[in-house]
Each structure stands twice: as structure tokens, then as C-alpha cells.
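Here is what each chain is made of, one letter per residue.
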Amino acid sequence: MFEIGNYYEQLVKDYLWKQMERRSDRPAQGYLEDVACLALNRLPPRYVRHTVDLGSHLSDEEYAQMEQQVATAVDQAIAQVQARPRHRQ
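Residues numbered from 1 in each chain as written. Predicted model: local features only at pLDDT ≥ 70, side-chain atom pairs only at ≥ 80, totals over all residues. Heavy atoms only, no water.

Draft legend 1. Here's a closer look at the packing of helix H2 (residues 31–42) against helix H4 (residues 60–83). Between H2 and H4, the shortest axis-to-axis distance is 8 Å and the interhelical angle comes to 130 degrees. Between H2 and H4, the crossing angle belongs to the class labelled oblique. In the crossing of H2 with H4, the sense of the turn from one axis to the other is right-handed. The residues of H4 that touch H2, namely those facing Tyr31, Asp34, Val35, Leu38, Ala39 and Arg42, are Ala73, Val74, Gln76, Ala77, Ile78, Gln80, Val81 and Gln82. Its residues assigned to classes, the contact of H2 with H4 shows 9 nonpolar, 3 polar and 2 charged. (Axes fitted to C-alpha atoms, helices over the stretch in contact; angles between N-to-C directions. Helix = DSSP H or I, 4+ residues; strand = E, 2+ residues; numbered from the N terminus. Parallel < 35°, antiparallel > 145°, perpendicular 65-115°, else oblique. Left-handed = near helix turned anticlockwise from the far one by under 90°. Contact = heavy atoms within 4.5 Å. Nonpolar A, V, L, I, M, F, W, Y, C, P; charged D, E, K, R; others polar.)

This is the structure we're talking about:
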């Protein structure tokens, strides 16, 4: 089968984990997945076979722009999830 992925997925996971390291509390079950999905829905898809494929073709400026887009999308997703938390059973 195909081995492809959205390059933004790893960037979102990395940024989200950095944000979680700053917290003293443990997020509710499913919180990280909810935030990641909302953030990824705000970002354009960028499919690659291997992360090095895209990484080797990006300028420093393009990569910095992608990181900024990820930061904005994740921060907005965190705010959205905190404003409307799910009641989990």
C-alpha cells in the first residue's frame, strides 16, 4: 500500500507536545487528538512520501512560515477545545 503522509501532522504533534510540556496538569482523554484534528483542519495538506523529501526542498523562510502557521492553528485549536470541552464518559 501507499506510504504517504501529511507533513503538517508531525509539525502539529511536535508543537502540541511542546505546549503540553509547559502544563502542570494532565489533559483529559482525547484532548490531544481533538486539538490536533482541529489544527490540521485549519492547515493546507502537504503530502509527502518521506519527511526528508519536503524538508530538503524547503527554504528556511518557507519552513519558518509553516511553523508559524502550525503555531497559530494549534493555539486556536487549544482555545476552541478549552472553550467547548467534551464531556467524556
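Draft legend 2. Inspection of a nonpolar patch on the surface at higher detail. Taken together, the side chains of Phe2, Ile4 and Tyr47 make up a nonpolar region of the molecular surface, amounting to roughly 430 Å² of accessible area. Mapped onto the elements, Phe2 comes out in the segment before strand E1 (5–6). We classify Phe2 as exposed; its relative accessible area is 70%. (Patch = residues over 30% accessible without salt bridge, like charges linked within 9 Å, V, L, I, M, F, W, Y side chains within 5 Å. Areas by Shrake-Rupley, 256 points an atom, 1.4 Å probe, with all protein chains shown as cover. Salt bridge = Lys/Arg side-chain N within 4 Å of Asp/Glu carboxyl O. Buried < 20%, exposed > 50% of the residue type's maximum accessible area, 1.4 Å probe, protein only.)

Draft legend 3. Region of the structure containing the packing of aromatic side chains. Under the defined criterion, the tally for this structure stands at 0 aromatic pairs. Between Arg23 and the ring centre of Tyr31, over which it is positioned, the NZ or CZ distance is 5.1 Å. (Phe/Tyr/Trp six-rings, centres within 6.5 Å; stacked < 30°, edge-to-face > 60°. Lys NZ or Arg CZ within 6 Å of the ring centre and 35° of its normal.)

Draft legend 4. Spotlight on the side chain of Asn6. The topology assignment puts Asn6 in strand E1. For Asn6, a relative accessible area of 12% puts it in the buried group. In this structure the side chain of Asn6 is engaged in a polar contact, spanning 3.0 Å, whose partner is the backbone nitrogen of Tyr8. If sequence neighbours within four positions are ignored, Asn6 has contacts with Leu40, Pro44, Pro45, Arg46 and Tyr47. (Polar contact = N/O pair within 3.5 Å; in protein donor to acceptor, adjacent residues only side chain to side chain.)

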